[in-house]
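Here is what each chain is made of, one letter per residue.
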Amino acid sequence: MHLSTGDLLRAEVKANTALGNQISGLLKDGKLVPDHVVIQLIQSCVKDQPSGAVLLDGFPRTLAQAESLERILSVRRVLLLEVGLQVVLERMAGRLTCSGCRRVFHRVQSPPKREGICDTCSQTLLVREDDRPETVQKRYQVYMDQTLDALDHYNKLGKLVKIDGSRDPETVFIEIRDIIEGL
Ligand code: AMP
């Protein structure tokens, strides 16, 4: 199972739930959603899937989240995709996400066959609100301020694997696939 906290939170916002309305401003500003909210989301998703492996994407992002996660499941590896701010800005400025199947395109590096339309499900492609350059800069700062502690925690446990994410997607994919298959 693949769980992306970003996708789960954006789905709450899109569906206009009470939680979605509460957190939409935080997402728009590139700030982190409170720890207890994301921990509860992960906990309820994992509870429905008691066996099998789980790939967590974008979680944990703080030391408190990492510590809580240990009470929910046992972490085998933490994969850190390292990319410099300039490359991050270029990638996010061109990112297009399908409103239907969530497939990701890039205006220049992997454009869709028809402009604004997903190759897979023909739904509309959208630009994420938090992919504006000034918000990306803020998200990078949030990462430096709040996520490095969580990474340090996993590094000390010998579970952190650093991957050079600035290479082409296929190369990065193969490296990640080999790590996961080797577990
Ligand atoms: P992502 O799709 O992983 O880039 O996340 C998009 C946004 O969702 C982040 O900028 C945060 O506002 C929120 N978010 C996602 N995951 C987390 C998390 N683990 N903790 C707190 N906020 C999160």
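Residues numbered from 1 in each chain as written. Predicted model: local features only at pLDDT ≥ 70, side-chain atom pairs only at ≥ 80, totals over all residues. Heavy atoms only, no water.

The next point concerns the site of the ligand. Near the ligand there are 16 residues, and of these T5, R10, K31, G58 and Q65 occur at the shortest range. The contact in question runs from an oxygen atom of the ligand to an N or O atom on the side chain of R128, over 3.1 Å. Residue R139 places a side-chain N or O atom 3.0 Å away from an oxygen atom belonging to the ligand. Contact with the protein chains covers 94% of the free accessible surface of the ligand, which is 480 Å². Broken down by element, the residue count for the shell around the ligand peaks at four residues, all from helix α1 (residues 5-14). When the residues that make up the shell around the ligand are grouped by side-chain class, the tally is six nonpolar, four polar and six charged. (Near = heavy atom within 4 Å. Polar contact = N/O pair within 3.5 Å; in protein donor to acceptor, adjacent residues only side chain to side chain. Areas by Shrake-Rupley, 256 points an atom, 1.4 Å probe, with all protein chains shown as cover. Helix = DSSP H or I, 4+ residues; strand = E, 2+ residues; numbered from the N terminus. Nonpolar A, V, L, I, M, F, W, Y, C, P; charged D, E, K, R; others polar.)

This paragraph deals with the packing of α1 against helix α2 (residues 18-29). As a packed pair, α1 and α2 sit with axes 8 Å apart at the nearest point and diverge in direction by 120 degrees. In this structure, α1 meets α2 at a crossing whose hand is left-handed. Facing α1, whose interface residues are L9, R10, E12 and V13, α2 presents L19, G20, I23, S24 and L27. (Axes fitted to C-alpha atoms, helices over the stretch in contact; angles between N-to-C directions. Left-handed = near helix turned anticlockwise from the far one by under 90°. Contact = heavy atoms within 4.5 Å.)

Let us look at the nonpolar core. Counting residues in hydrophobic clusters, the biggest one holds 24 residues, and the most contacted among them are L9, I42, F59, L69 and Y154. Secondary-structure elements contributing two or more residues to this core are α2, α3 (35-47), α4 (63-69), β3 (78-82) and α6 (133-156). No other element matches α3, which puts seven residues into this core. Ignoring sequence-local partners within four residues, the contact set of I42 consists of L3, T5, L56, F59, L69 and I72. (Core = buried A, V, L, I, M, F, W, Y, C linked by side-chain atoms within 4.5 Å. Buried < 20%, exposed > 50% of the residue type's maximum accessible area, 1.4 Å probe, protein only.)

Here we take up the confidence of the model for the chain. Summarising the model, the chain shows a mean pLDDT of 93, and 99% of its residues fall at 70 or more. By mean pLDDT, helix α5 (residues 85-93) is the weakest element of the chain at 91, and strand β7 (residues 160-164) is the strongest at 97. (pLDDT = per-residue confidence, 0-100.)

A contiguous nonpolar patch, built from L55, I180 and L183 and spanning about 250 Å² of accessible area, is present on the exposed surface. Here I180 lies in helix α7 (residues 169-181). (Patch = residues over 30% accessible without salt bridge, like charges linked within 9 Å, V, L, I, M, F, W, Y side chains within 5 Å. Salt bridge = Lys/Arg side-chain N within 4 Å of Asp/Glu carboxyl O.)

This next bit is on the layout of surface pockets. There is about 440 Å³ of room inside the second largest pocket. In terms of lining residues, the second largest pocket is bounded by 17 residues, among which R10, V13, K14, R128 and E129 are the most central. Of all the secondary-structure elements, those providing two or more residues to the lining of the second largest pocket are α1, α2 and β4 (95-98). Counted by class, the lining of the second largest pocket contains six nonpolar, four polar and seven charged residues. (1 Å grid on protein atoms, 1.4 Å probe; cavity = no way out; pocket = protein on both sides within 12 Å on 5 of 7 lines; lining within 4 Å. Points joined across faces, edges and corners; volume = space filled by probe spheres on them.)

This part is about the packing of aromatic side chains. Overall, the coordinates contain one aromatic pair when judged by the stated rule. Measuring from ring centre to ring centre gives 6.2 Å for Y140 and Y143, while their planes differ by 45 degrees; the resulting arrangement is tilted. Here Y140 pairs with Y143, and both are found in helix α6, just three residues apart, close to one helical turn. Taking the relative accessible area as the measure of exposure, Y143 reaches 27% and is therefore partly exposed. (Phe/Tyr/Trp six-rings, centres within 6.5 Å; stacked < 30°, edge-to-face > 60°.)

With that out of the way, let us pick up the sheet that holds β4. Strands in a sheet are paired, the pairing made by backbone hydrogen bonds, and the direction either parallel or antiparallel. Reading across from one edge, β5-β4-β6 is the order of the three strands in this open sheet, with antiparallel pairing throughout. Taken across any chain shown, the strands that pair with only one partner, and hence form the sheet edges, are β5 (104-106) and β6 (125-126). (Pairing = 2+ DSSP bridges.)

Burial of β4 is two-sided: the residues R95 and T97 facing one way and the residues L96 and C98 facing the other way are all buried. As defined by bridge partners, β4 adjoins β5 across three bridges and the pair is classed as antiparallel. Each bridged residue has a counterpart across the sheet, and for L96 the counterpart in β5 is F105. What sits between the antiparallel neighbours β4 and β5 is a turn of five residues, in which R102 has the positive phi angle 75 degrees.

Let us now look at the environment of L160. Here L160 shows up in strand β7. Measuring from C-alpha to C-alpha, the distance between L160 and M92 comes to 25 Å, with 68 residues separating the pair along the chain. Contact partners of L160, with chain neighbours within four places excluded, come to V78, L80, L151, Y154 and N155.

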